[in-house]
Amino acid sequence: MNTNLKRLLSGKLADHPSLCHSDMPVPVLSFEVVPPRTDAMEQLLWQCIRRLAPLSPRFVSVTYGAGGTMQARTQATVLRLKQETTLVPAAHLTCIGATCEEIDDIARTYWQAGVRHLVALRGDAPAGTAYTPHPGGYAYASDLVAGLRRIADFEISVAAYPETHPTAVSAQADLDNLKRKLDAGASRAITQYFFEASTCLRFLDRCLAAGITAPIVPGIMPVSNYDQIARFSALCGVTVPAWVTHLFEGTAKNPELCRIAACIVAAEQVRTLQSHGINEFHFSTLNRPDLTCAIAHLLGARPASETDS
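Residues numbered from 1 in each chain as written. Predicted model: local features only at pLDDT ≥ 70, side-chain atom pairs only at ≥ 80, totals over all residues. Heavy atoms only, no water.

**Focus on the confidence of the model for the protein chain**
Worth spelling out the cut-off: pLDDT: the predictor's confidence for each residue, scored from 0 to 100. Throughout, a contact is declared for two residues whenever any of their heavy atoms are within 4.5 Å.
Of all residues in the protein chain, 90% attain a pLDDT of 70 or more, and the chain-wide mean is 90. Every residue in residues 1-17 is under pLDDT 50, and counting partners more than four places away or in other chains gives 21 contacts.

Below, the structure written as structure tokens:
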């Protein structure tokens, strides 16, 4: 391993020897994939799904694009997952760009196809515009959750923000909004990604203090491209600590070094949270299975054929 990388990580890992030991349980994993924009990207998506399937994830969620775009491709991907694989698909649904009736029709289509898990989100407005509820649509995620509950007994996941949603008026208002979504009938929350495990732990403490008892699953974003993640984090209010910036310096032209660092950082996040009793995690794959599979391997999540041998 690169000497600088070892030096940077040594302090971070010193308090977490379980990263290199087998005494921690294998975590429960779920994965997020992105609907393809082109036929070539669709081939890559299904290559990704075939790589991830042997890890037996709890579910695989399929996102929307900003502004409600990619809805048709999301639906096609979810239905194909249901029809052609043994995986459990979770379809993202947002409030943006559709009436209540249109969203309800999509939900009914999913239910009739045997899809039982939905991820209910307010959704992001197109770049450069502020969010405004669609006329005749669900105004906010809590309204969407309540609407979906009236249609069928879906398992519903919602979003949570350890560092507060960038458009929330305050951290408390954001927490109140999460509670509304759960009180409306959501089954669990999946967090926005973060880089410091302590950020997630403080958030979970605040949730408990607010009377939130539903499962909250940490979201993990492996750093496949530091510059890209740094830009995206600035837009969505995620803090990139100085140690992360330092760690990934010089990796733009060294993808192998970037992958090594990303694997160790993500595995450390999971192991640290496991040491506090958390054992379920949702990984954003960006349709790049190699990095996710490598991290899963470090955590002891192996294909059944390997564990049976």
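**Considerations on the pairing of strand 1 (residues 28-33)**
Rule in force here: Burial here depends on accessible area, computed with a 1.4 Å probe over protein chains only, as a share of the maximum for the residue type. Under 20% is buried, over 50% is exposed, and the range in between is partly exposed. Helix and strand definitions here come from DSSP, where helices need a minimum of 4 consecutive H or I residues and strands a minimum of 2 consecutive E residues; each element is numbered from the N-terminal end. At least two DSSP bridges between two strands are required for those strands to pair. Whether a crossover is right-handed depends on one test, that the path from the first strand over the helix to the second runs clockwise when the strands point away from the viewer.
The buried fraction of strand 1 is high, at five of six residues. Across five bridges, strand 1 lies against strand 9 (residues 280-284) in parallel orientation. Counted as the bridge partner of Val28 is Glu280 from strand 9. Note on the crossover from strand 1 through helix 2 (residues 39-52) to strand 2 (residues 60-62): the handedness is right-handed.

**Considering the packing of helix 4 (residues 100-112) against helix 5 (residues 141-151)**
Condition: Helix axes are fitted only over the stretch in contact, all axes being lines through C-alpha atoms; the angle between N-to-C directions runs from 0 to 180 degrees. The cut-offs work like this: below 35 degrees is roughly parallel, past 145 is roughly antiparallel, 65 to 115 is roughly perpendicular, and the gaps in between are oblique. Helix crossings get a hand from a simple test, with the near helix turned counterclockwise from the far one by less than a right angle marking a left-handed crossing and a clockwise turn marking a right-handed one.
Two elements in contact, helix 4 and helix 5, have axes whose closest approach is 10 Å; the angle formed by their N-to-C orientations is 50°. Viewed along their axes, helix 4 and helix 5 adopt a mutual orientation that is oblique. In the packing of helix 4 onto helix 5, the handedness of the crossing is right-handed. Residue-level contacts link Ile103, Asp104, Ala107 and Arg108 of helix 4 to Leu144, Leu148 and Ile151 of helix 5.

**Points about helix 7 (residues 197-209)**
As a reminder of what qualifies: The length a helix should cover is 1.5 Å for every residue beyond the first.
Over its 13 residues, helix 7 extends 19 Å from the first C-alpha to the last, a length consistent with the 18 Å expected when each residue adds 1.5 Å. Summarising the contacts, the buried residues of helix 7 are in contact with strand 5 (155-160), helix 6 (171-183), strand 6 (188-191), strand 7 (216-217) and helix 10 (255-274). One or two steps after helix 7, the chain reaches Gly211, where phi turns positive at roughly 85°.

**Topic: the nonpolar core**
Note on soluble globular proteins: their nonpolar side chains tend to be buried together. To be explicit about the condition: We define the nonpolar core as a collection of buried residues of types Ala, Val, Leu, Ile, Met, Phe, Trp, Tyr and Cys that are connected through side-chain atoms lying within 4.5 Å of one another.
The biggest cluster of nonpolar side chains holds 85 residues, and the ones touching the most others in it are Leu93, Val158, Leu178, Phe248 and Phe283. Looking at which element gives the most residues to this core, the answer is helix 10, with nine residues. With residues up to four places along the chain from it excluded, the contact list for Val158 reads Ala120, Val145, Leu178, Lys181, Leu182, Ala186, Arg188, Ala189 and Ile190. Ala90, Val119, Leu121 and Ala159 belong to the second-largest nonpolar core, a separate cluster that totals seven residues.

**Describing the packing of helix 2 against helix 3 (residues 71-84)**
Packed helices, taken two at a time, are described by their axes: the angle between them and the distance between them. Here is the rule: Throughout, the ten residues Ala, Val, Leu, Ile, Met, Phe, Trp, Tyr, Cys and Pro are labelled nonpolar, Asp, Glu, Lys and Arg are labelled charged, and all others, Gly among them, are labelled polar.
Contact pair helix 2 / helix 3: the axes reach a minimum separation of 13 Å and the direction vectors enclose 35°. For the element pair helix 2 and helix 3, the recorded crossing hand is right-handed. Together, Asp39, Glu42, Leu45, Trp46 and Ile49 of helix 2 and Arg73, Thr77, Arg80 and Leu81 of helix 3 make up the contact between the two elements. Partitioning the contact of helix 2 with helix 3 into residue classes produces four nonpolar, one polar and four charged.

**Regarding empty space enclosed by the protein**
As a reminder, the rule being used: A cavity, in this analysis, means grid points on a 1 Å lattice covering only the protein atoms where a 1.4 Å probe fits yet has no way out; a pocket is instead an open set bounded by protein on both sides within 12 Å along at least five of seven lines, and a residue lines either one if it has an atom within 4 Å of a point. Grid points are joined across faces, edges and corners, and a volume is the space filled by probe spheres set on the points.
As enumerated under the stated definition, the model contains three cavities of 30 Å³ or more in all. Lining the largest cavity are Ala159, Ala160, Tyr161, Thr164, Ala171, Asp174, Leu175, Asn177, Leu178, Lys181, Phe203 and Arg206. At the level of secondary structure, the elements contributing two or more residues to the lining of the largest cavity comprise strand 5, helix 6 and helix 7. The leading source of residues in the lining of the largest cavity is helix 6, at six residues.

**Observations concerning the pairing of strand 3 (residues 89-94)**
In terms of burial, strand 3 is largely enclosed, as six of its six residues are buried. Burial along strand 3 is two-sided: the residues Pro89, Ala91 and Leu93 and Ala90, His92 and Thr94 are all buried. Pairing of strand 2 with strand 3, which is carried by three bridges, proceeds in the parallel orientation. Across the sheet, the residue bridging to Val62 is Ala91, located in strand 3. Judged from the five bridges that link them, strand 3 and strand 4 (residues 117-121) form a sheet pairing that is parallel. Its bridge partner being in strand 4, Thr94 is matched across the sheet by Leu121. After leaving strand 3, the chain enters helix 4 and then returns to the sheet as strand 4, a path that is right-handed.

**Re the state of the cysteines**
What counts, and what does not: For the purposes of this analysis, a disulfide is any pair of cysteine sulfur atoms at a distance within 2.5 Å.
Tallied over the entire structure, the rule returns zero disulfides. Lacking any disulfide linkage, Cys95 is separated from the closest cysteine sulfur, that of Cys100, by 8.3 Å. For Cys95, a relative accessible area of 0% corresponds to the buried category.

**Some points on the packing of aromatic side chains**
The condition that has to hold: Any Phe, Tyr or Trp ring, taking Trp's six-membered ring, that has another such ring centre within 6.5 Å forms a pair; planes under 30 degrees apart are called stacked, those over 60 apart edge-to-face, and the others tilted. Ring-over charges, as used throughout, are those where CZ of Arg or NZ of Lys falls within 6 Å of the ring centre and within 35 degrees of the ring normal.
On inspection of all chains with the given rule, the structure shows five aromatic pairs. Ring geometry for Trp111 and Phe154: centres 5.0 Å apart, planes at 85°, overall edge-to-face. Note that Trp111 is positioned in helix 4 and Phe154 in the loop between helix 5 and strand 5, a separation of 43 residues in sequence. Ring geometry for Tyr131 against Tyr140: centres 6.0 Å apart, planes inclined by 50°, an arrangement best described as tilted. Its relative accessible area of 17% is what places Tyr131 among the buried residues. The exposure class assigned to Tyr140 is partly exposed, which follows from its relative accessible area of 42%. The ring centre of Trp111 lies 3.6 Å from the NZ or CZ of Arg116, which sits over that ring.

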